[in-house]
Amino acid sequence: MSAKKIISILVALCLLVPLVGARNTNAATVFADVPSSHALYDEINYIKSLNIAGGYNEGGVLRYKPDLLTTRSQVTIMLVNARGIAKVKKAKSSYTDVPSGSGLSEFVEAATAKGLLVEKSTDGKFYPNLAVSFKDVSLLIAKAYNLEIEKYSTYPVPFTWIKSSDSYYKYVSALYYSGIIDENIGQINPNQNITRGLFSLLLARANSPTFRLDLPIQGVSGPEDDKVIGKVEVTVDNLNVRSTPSTSTTSNRVGQVNKGTQFNVYEDSNGWLKVSYNGVYAYISKEYTKSITGGTTTPTPTPTPAEPANADTIGRVTVNNLNVRSGPGATYSSIDKLNTGDEVVVESISNYWAKISYGGKVGYTHKSYLKLINKTSGAIKNRIIVLDPGHGGKDPGAIAESATEKAIVIKVGNLVKQKLEAAGAKVVMTRTGDTYPSLQDRVKITNDNYGEIFVSIHVNSAASSSAKGTETYYSVSSGDMYKEDVNLATKINTQIVTNANMQNRGVKQQSFYVINNMIIPSVLVELGFISNTDDRAKLVNDKYVEIFADSIYKGIVQYYGN
């Protein structure tokens, strides 16, 4: 994904008001370059209806020009209009390059008085035609809309390009937790100048709940009590709480707690405890905690009736030191350990727990750490496979010409589903129509349905139309047997490249939210570049849609058959 999602949305709105020109206030106006079929038609006309922005009248044709870069003057005018800030006239301009008495001067002075400017120089100039970066826009919108900047200043965000120590971190986080940006938009280069289209899309989301994305985790859709596996108490002062289970960086620190602090625990893996902190998931070192007993721990769960697995199902262990327990749950005692490559017979499966036998022993283990292999029946029979067509609903994804990412990937995803089910798999879709499940929803859907592998389907975009080809991503996170991710990604990527005759951009590591928050084998597939003429011709062609779908299907079958 990366920068492509910015290019995907840069098709949206723009500022327009050639700084001081008269604006057409007819809300029904349809811009020549944004017809009613445009993915962001509603947002554009919303902005227009409030006189936040107008359009360029060129020879009697009104255009919106969403692809042009946003300038400091345009951003200032739109923010002042959107927030209803009174314009300020000054006899002497605060900036040598913005003449007093000009229409722009009144907007600039008003924004200056409200602290809604990002200083760019100390030479007394405003630089009205200078393009504006993504980080600057995050700051301006967060301030203009009085978002709870300090509240979210330590919350974890799924963006790899910004550290918690960055002075802009709190503004980016505020936009994320307010439903204005998501993982896709957030992958842009923070210093990249943004289009008027993207700025106006963000402004529409900031200005109206109608256009906001589903809120990310902040207690509303965060840790759930019924997923608690235990409770611990911290045994030292100044224990770091981290957004990821790693001490290799300081940028993932989201807070510190002292001795006696208690946490609900949701996962225990590789020396790290996944806990609830400020309404979101976080991680602490298990070494500096003690389990709370005496009736305060979560009761041992009552096992649900087990579904018999096929008699020929074996499980190949994908991690070292895998606990074999006396019952189907993390609170049961550990009776043995298994290591990578060990094979067991899978007697039955109940939710995430597999009853296994090996070497005359019987026990239970978490099925996510087993590659389930059918020895005689079809390779994917009874496997629970989660397909995630990206974007959807209000989020069109990448756009070029009249094609949208969300429409392409849902067609491919539904075809993959049909093929997998015909082969006996149990398929879970994060969406089957034009809806927008949040990133957290997609992870939750996977967990709630006890998924065994996860495949997210996307198309790419880039600033350069020469960029083309297929690439597939995996992530590395706590408890994640990433070598399985690489195996699955390689199988799918190779099938697509070969069958659809695509340029091979390879298998790559990237911490995209939906694959970074899974412990099951999870990959994110970028079929091709919608911004490239050759790739786009295939992406919108039903013949190639079938080939893409069949390639993903064959890659999954090959993964399980290996």
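Residues numbered from 1 in each chain as written. Predicted model: local features only at pLDDT ≥ 70, side-chain atom pairs only at ≥ 80, totals over all residues. Heavy atoms only, no water.

Time to look at the side chain of D395. Mapping D395 onto the fold places it in the loop between β18 (384-389) and β19 (399-400). There is no salt bridge for the buried D395, and the closest opposite charge comes from R205, which lies 4.9 Å off by N-O distance. At a separation of 2.9 Å, a polar atom in the side chain of D395 contacts the side chain of H391. (Helix = DSSP H or I, 4+ residues; strand = E, 2+ residues; numbered from the N terminus. Buried < 20%, exposed > 50% of the residue type's maximum accessible area, 1.4 Å probe, protein only. Lys, Arg positive; Asp, Glu negative; His and termini not counted. Salt bridge = Lys/Arg side-chain N within 4 Å of Asp/Glu carboxyl O. Polar contact = N/O pair within 3.5 Å; in protein donor to acceptor, adjacent residues only side chain to side chain.)

Another aspect to go through is the packing of helix α2 (residues 41-49) against helix α7 (residues 196-207). Packing of α2 against α7 brings their axes to within 10 Å, and their N-to-C directions diverge by 75°. In terms of orientation, α2 lies roughly perpendicular with respect to α7. Between α2 and α7, the residues in contact are E43, Y46 and I47 and S200, L201, A204 and N207, respectively. Within the contact of α2 with α7, the residues separate by chemical class into 4 nonpolar, 2 polar and 1 charged. (Axes fitted to C-alpha atoms, helices over the stretch in contact; angles between N-to-C directions. Parallel < 35°, antiparallel > 145°, perpendicular 65-115°, else oblique. Contact = heavy atoms within 4.5 Å. Nonpolar A, V, L, I, M, F, W, Y, C, P; charged D, E, K, R; others polar.)

Attention now goes to the nonpolar core. Grouped together as the largest cluster of nonpolar side chains are 76 residues, with contacts concentrated most on I141, Y145, I181 and F199. Sorting elements by how many residues they give to this core places helix α5 (residues 134-144) first, with 7 residues. Not counting the four nearest positions on each side in its chain, I181 is found in contact with F134, F159, V172, L175, Y176, L202 and L213. Membership of the second largest hydrophobic core comes to 38 residues, among which are L387, V412, V455 and A549. (Core = buried A, V, L, I, M, F, W, Y, C linked by side-chain atoms within 4.5 Å.)

With 18 residues, helix α10 (residues 482-499) should cover 26 Å at 1.5 Å per step; its first-to-last C-alpha distance of 26 Å lies within 8% of that length. What α10 keeps buried is the set E484, D485, N487, L488, A489, K491, I492, N493, Q495, I496 and V497. Buried-residue contacts for α10 involve β17 (370-374), β22 (453-460), β23 (470-474), β24 (504-509), β25 (522-529) and α13 (542-561). At the exit of α10 stands N501, carrying a positive phi of roughly 55°. (Expected span 1.5 Å × (residues − 1).)

For the rest of this paragraph, the subject is the environment of V545. Mapped onto the elements, V545 comes out in helix α13. With relative accessibility at 4%, the residue V545 sits in the buried group. Residues V545 and G413, spaced 132 residues apart in sequence, show a C-alpha to C-alpha distance of 9.6 Å. Excluding residues that lie within four positions of it along the chain, V545 makes contacts with K411, V412, L415, K538 and L539.

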